[in-house]
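The residues making up each chain are set out below.
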Amino acid sequence: MSELVISASPHIRSGLTTRRLMIDVIIALLPCCAAAIVFFGWYSLAIIAISAATAAVTEIVYSLVYRKAWKDFKGTLLQILRDFDFTSVITGIILALILPTAYNVRGDIVLLPWYLPFLGSIFAIALCKMLFGGTGRNLVNPADTGRVFLFISFTAYMTACYGICVVQPVVELTADAGEVLTGATPLTAFLAGDGKTLSMLDLFLGTGVDGSMGETCKIAIIVGYLYLSLRRVIKWYYPLIYIGTAAVFAFMLEGFSDPAVMPYTVLSGGMMFGAVFMATDYSTSPKSTLANVIYYVCLGLLNAGLRKATGMEVTSFCILIMNCLTPLLDRYIPRRPFGYVREKRVKEKEEKA
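Analysis parameters
- Residues numbered from 1 in each chain as written.
- Predicted model: local features only at pLDDT ≥ 70, side-chain atom pairs only at ≥ 80, totals over all residues.
- Heavy atoms only, no water.
- Phe/Tyr/Trp six-rings, centres within 6.5 Å; stacked < 30°, edge-to-face > 60°.
- Helix = DSSP H or I, 4+ residues; strand = E, 2+ residues; numbered from the N terminus.
- Buried < 20%, exposed > 50% of the residue type's maximum accessible area, 1.4 Å probe, protein only.
- Lys NZ or Arg CZ within 6 Å of the ring centre and 35° of its normal.
- Expected span 1.5 Å × (residues − 1).
- Arc of directions from axis to C-beta.
- Axes fitted to C-alpha atoms, helices over the stretch in contact; angles between N-to-C directions.
- Parallel < 35°, antiparallel > 145°, perpendicular 65-115°, else oblique.
- Left-handed = near helix turned anticlockwise from the far one by under 90°.
- Contact = heavy atoms within 4.5 Å.
- Nonpolar A, V, L, I, M, F, W, Y, C, P; charged D, E, K, R; others polar.
- Core = buried A, V, L, I, M, F, W, Y, C linked by side-chain atoms within 4.5 Å.
- 1 Å grid on protein atoms, 1.4 Å probe; cavity = no way out; pocket = protein on both sides within 12 Å on 5 of 7 lines; lining within 4 Å.
- Points joined across faces, edges and corners; volume = space filled by probe spheres on them.

Peer 1: An account of the packing of aromatic side chains is needed here, citing residue identities and associated values.
Peer 2: Inspection of every chain in the model, using the stated rule, returns 12 aromatic pairs. Ring plane angle 5 degrees and centroid distance 4.2 Å describe the contact between Phe-123 and Phe-149, whose orientation is recorded as stacked. With Phe-123 in helix α5 (residues 115-127) and Phe-149 in helix α6 (residues 142-153), the pair connects residues that are 26 residues apart, well separated along the chain. For Phe-123, a relative accessible area of 21% puts it in the partly exposed group. An aromatic cluster is defined as three or more aromatic residues linked by ring pairs; in this entry it consists of Trp-236, Tyr-237, Tyr-238, Tyr-295 and Tyr-296. In this arrangement the basic side chain of Arg-331 is found over the ring face of Tyr-332, its NZ or CZ atom lying 5.8 Å from the centre.

In structure tokens:
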């Protein structure tokens, strides 16, 4: 017999559900999925399908085992399907979009092994989500942690594997840009001191940009960001705080010498995608507005600082670090209770009365 839990008042009646929010996120991710197929080929669709399907099946199987489905398999399965909120599907899609599609080995293009998104999705759902209690109870972002797991477990693939963009650049800044891009993404080439290998226009459009599938086309990311903001799924200013802080701090780290560092920092790498779709996760971000501002400022500082220190993309690691610090922020900067009025204001009203 299920227990009915009623929290303390006040109560707000709303038709907004977790499933509806997650469907909005899936819709916002569709432009990035379409861009991945256009810029990296049809194998991108296979990676997305494997990752999303594996994530969904992992959640269902875990729930069946947890609920001891062998006692009433059909009834338990139907209940699980009725309660399915698509959060695992989103985890699978995001994980796929922060993975590359292929890599260059002595001039030969080798596709990303199919078992990487498969194993990453199982790890993300089983260990990072369901083991903590399911939707809303996970300490860290499952997709982000799944990528970190793959990076640590399959370093050779994840460090030498860059999505090979099949669409040529609109404008090439250097004559040897093609040679640079076969061994590194524009971000890693820039951090290594090889200069700006692609124009701002190419970085914005995603043309000729090697890297993970979902991070290259900034137009697709912006479309998803605008949709989520207009639907009020995310606060529109949180990703901007993250991105703006990283841009300014990167400019400071360069000694205020080259203002072009700021747009290049924003448009290269996976920071924009992470800021919109990963850092804004409800479960792993703080609850109060002030704590969120601190959270996103720290993300920006970490991203720019660790990029400069390591010479590589670190967005996933930065988000993972701040996810672990979120409980600390919530503890010392709690959300103001609904209807709360400061004691000072109460005294002022009493004196006036």
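The rest of the description comes next.
Peer 1: Quick one: what's the story with unusual backbone geometry, residue by residue and with numbers?
Peer 2: A positive phi angle is found at Phe-86, which is not glycine, with a value near 70 degrees. Structurally, Phe-86 is set in the loop between α3 (73-83) and α4 (87-97). A residue is classified by how much of its surface remains accessible, and Phe-86, at 28% relative accessible area, is partly exposed. Although it is not a glycine, Arg-232 sits at a positive phi angle of roughly 60 degrees. Position of Arg-232 relative to the elements: it lies in the loop between α11 (218-230) and α12 (237-253). On the accessibility criterion, Arg-232 (74% relative accessible area) is exposed.

Peer 1: Tell me about α11, and name the residues and values.
Peer 2: Between its first and last C-alpha, α11 extends 18 Å over 13 residues, near the 18 Å set by a 1.5 Å rise per residue. Looking at α11, one finds that the buried residues are Lys-218, Ala-220, Ile-221, Gly-224, Tyr-225, Leu-228 and Ser-229. The buried residues of α11 occupy one face: seen down the axis, they fall within an arc of 165 degrees. Just downstream of α11 lies Arg-232, where phi reads positive at about 60 degrees.

Peer 1: Tell me about the packing of helix α2 (residues 43-66) against α3, and please be specific about residues and values.
Peer 2: In contact at an axis separation of 10 Å, α2 and α3 are set at 135 degrees when each is read in the N-to-C sense. Here α2 is positioned oblique relative to α3, judged by the angle of their axes. α3 is crossed by α2, and the crossing has right-handed handedness. Packed against α2, whose contacting residues are Ile-60, Ser-63 and Leu-64, the element α3 presents Phe-73, Thr-76, Leu-77, Ile-80 and Leu-81 at the interface. Class assignment for the residues of the contact of α2 with α3 results in six nonpolar, two polar and no charged.

Peer 1: Please give an account of the nonpolar core that cites residues and values.
Peer 2: One finds Leu-29, Leu-97, Phe-273, Phe-277 and Leu-299 to be the most contacted residues of the largest nonpolar core, which totals 74 residues. Here the element with the most residues in this core is helix α1 (residues 18-40); it accounts for 12 residues. In contact with Leu-29, other than residues within four places in its own chain, are Ile-90, Ile-93, Ile-94, Leu-97, Phe-273 and Phe-277.

Peer 1: Quick rundown of the environment of Ile-222? Include the residues and the values.
Peer 2: Structurally, the position occupied by Ile-222 is in helix α11. Residues Ile-222 and Pro-31 lie 191 residues apart in sequence; the distance between their C-alpha atoms is 9.3 Å. The contacts of Ile-222, once residues within four sequence positions are left out, are Phe-204 and Met-272.

Peer 1: Summarise the layout of surface pockets; cite the residues concerned and give the values.
Peer 2: Reported here for the largest pocket is a volume of approximately 1400 Å³. Taken together, 42 residues line the largest pocket, and the ones lying closest to its centre are Leu-21, Val-233, Asp-281, Tyr-282 and Ser-283. Breaking the lining of the largest pocket down by element, the ones donating at least two residues are α1, α4, α6, α11, α14 (271-278) and α15 (289-310). Considering only residue class, the lining of the largest pocket consists of 20 nonpolar, 15 polar and seven charged.

Peer 1: Please set out α4 residue by residue, giving values where relevant.
Peer 2: Most of α4 is tucked away: 11 of the 11 residues are buried. The complete set of buried residues in α4 reads Thr-87, Ser-88, Val-89, Ile-90, Thr-91, Gly-92, Ile-93, Ile-94, Leu-95, Ala-96 and Leu-97.

From the geometry alone we can't say anything about function, so treat these as descriptive.
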